[in-house]
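Structure assessment
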Amino acid sequence: MITPDINPVELKVFLNHIYELKKGVRQMVLYTANRKIEDFAVKRLKSQRINYIIQSVDDERINIFFGKPECIDAIRMIIDRPLNKLTPEEDFILGAMLGYDICAQCKRFCTRKNRTVNCKRA
């Protein structure tokens, strides 16, 4: 049952991600959502037999990783802290796994790596 305080647009986006996963458009999804949809999301993912991990972002938001078992197994090994605390290498791997534009990921990696190197030199 959907509670009235859940944003229907947020649910539509979540359900569309599931649709794309089932159709093979995506292998894995990272969806940041309001905590209010957590129960609904877990029930839907379980009913669809989709592997998932939920990570707390803050008091109001969660990250829901879901997708192919091998992807979620790898995420369990990589994601052990907030996403903004990932190393440039971990961030690159996550972006690649999520299917982000690889050239944009390379640029992001170099920017983050240079920032890390420059901070260590100072």
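The rules behind these values
Residues numbered from 1 in each chain as written. Predicted model: local features only at pLDDT ≥ 70, side-chain atom pairs only at ≥ 80, totals over all residues. Heavy atoms only, no water. Salt bridge = Lys/Arg side-chain N within 4 Å of Asp/Glu carboxyl O. Helix = DSSP H or I, 4+ residues; strand = E, 2+ residues; numbered from the N terminus. pLDDT = per-residue confidence, 0-100. Phe/Tyr/Trp six-rings, centres within 6.5 Å; stacked < 30°, edge-to-face > 60°. Buried < 20%, exposed > 50% of the residue type's maximum accessible area, 1.4 Å probe, protein only. Expected span 1.5 Å × (residues − 1). Contact = heavy atoms within 4.5 Å. Pairing = 2+ DSSP bridges. Axes fitted to C-alpha atoms, helices over the stretch in contact; angles between N-to-C directions.

**Quick notes on the pattern of salt bridges**
Applying the stated criterion across every chain yields a total of eight salt bridges. Of the charged contacts in the structure, one is a salt bridge between Glu 90 and Arg 81, with a shortest N-O distance of 2.2 Å. The closest approach of N and O atoms between Arg 112 and Asp 91, which form a salt bridge, is 3.5 Å. In this pair, Arg 112 is assigned in helix 5 (residues 102-121) and Asp 91 in helix 4 (residues 88-97), connecting sequence segments 21 residues apart.

**With respect to the confidence of the model for the protein chain**
Averaged over the protein chain, the pLDDT score is 92; the fraction of residues at 70 or greater is 92%. Per-element mean pLDDT across the protein chain ranges from 84 in helix 5 up to 98 in strand 3 (residues 61-67).

**Considering the packing of aromatic side chains**
Taken as a whole and judged by the stated rule, the model has four aromatic pairs. With 6.4 Å between their ring centres and 70° between their planes, Phe 14 and Phe 40 make a pair best called edge-to-face. Note that Phe 14 is positioned in helix 1 (residues 8-23) and Phe 40 in helix 2 (residues 38-47), a separation of 26 residues in sequence. The buried category is assigned to Phe 14, whose relative accessible area is 0%.

**Observations concerning helix 1**
With 16 residues, helix 1 extends 22 Å between its outermost C-alpha atoms, agreeing within 8% with the 22 Å of an ideal straight helix rising 1.5 Å per residue. Among the residues of helix 1, Glu 10, Leu 11, Phe 14, His 17, Ile 18, Glu 20 and Leu 21 are the ones counted as buried. Close packing links the buried residues of helix 1 with strand 1 (28-34), helix 2 and strand 3. Following helix 1 by one or two positions, Gly 24 has its phi on the positive side, about 85°.

**Points about the sheet that holds strand 1**
With respect to topology, three strands assemble into an open sheet ordered 1-3-2, the strand pairing being antiparallel. A single partner strand is all that each edge strand has here, and the edge strands are strand 1 and strand 2 (51-56). Mean inter-strand twist for the sheet, computed between neighbouring axes without regard to direction, equals 20°. Pairing geometry for strand 1 and strand 3, over seven bridges, is antiparallel.

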